[in-house]
Amino acid sequence: MIQHALPTIRITYCTQCLWLLRAGWMAQELLSTFGTDLGEVTLVPGTGGIFTISCNDTLVWDRKRDGGFPDAAKLKQLVRDVIDPDRDLGHADRKGDKSKDPA
């Protein structure tokens, strides 16, 4: 019997830039949203200003390419689009929501 492998997330972050907490927070956001629908979320230390996020070996975010860091809602949408495009993310999917995080 062939089992369907669960999606994997890989977050590569720059240790020189001290982005471990940011990477950890993004991993936590993904795990809290997708839970057991994910097979694993891996944090990979790197250098040279790297901050990339891939899902099933598909690059969904690159700090240098995409200009900075994604907010949580955008990251969840990007991952959802790879693993389950029909999934409703609730408030993170509301179009035209102009509210900003005050922090």
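Residues numbered from 1 in each chain as written. Predicted model: local features only at pLDDT ≥ 70, side-chain atom pairs only at ≥ 80, totals over all residues. Heavy atoms only, no water.

1. Quick look at the overall build of the protein chain
Then comes step 1: Check the secondary structure of the protein chain and you find 3 helices and 4 strands.
Then comes step 2: When the 103 residues of the protein chain are sorted by exposure, 35% land in the buried category.
Then comes step 3: In the protein chain, once contacts between residues fewer than 6 apart in sequence are set aside, the share between residues at least 24 apart is 65%.
Then comes step 4: Within the structure as shown, the protein chain displays about 6800 Å² of accessible surface, and the carbon and sulfur contribution to it stands at 51%. (Helix = DSSP H or I, 4+ residues; strand = E, 2+ residues; numbered from the N terminus. Buried < 20%, exposed > 50% of the residue type's maximum accessible area, 1.4 Å probe, protein only. Contact = heavy atoms within 4.5 Å. Areas by Shrake-Rupley, 256 points an atom, 1.4 Å probe, with all protein chains shown as cover.)

2. Concerning the pattern of salt bridges
Then comes step 1: If you walk through the whole model with that rule in mind, you get 4 salt bridges.
Then comes step 2: Note that Arg65 is salt-bridged to Asp66, the shortest N-O span being 2.9 Å.
Then comes step 3: With a relative accessible area of 49%, Arg65 lands in the partly exposed category.
Then comes step 4: With a shortest N-O distance of 2.8 Å, Arg80 and Asp81 are connected by a salt bridge. (Salt bridge = Lys/Arg side-chain N within 4 Å of Asp/Glu carboxyl O.)

3. Side note on the state of the cysteines
Then comes step 1: Applying the stated criterion across every chain yields a total of 0 disulfides.
Then comes step 2: No disulfide involves Cys14; its sulfur sits 3.3 Å from the nearest other cysteine sulfur, which is in Cys17.
Then comes step 3: Residue classification places Cys14 among the buried residues on the basis of a relative accessible area of 0%.
Then comes step 4: Cys17 gets classed as partly exposed once you look at its relative accessible area, which sits at 33%. (Disulfide = S-S within 2.5 Å.)

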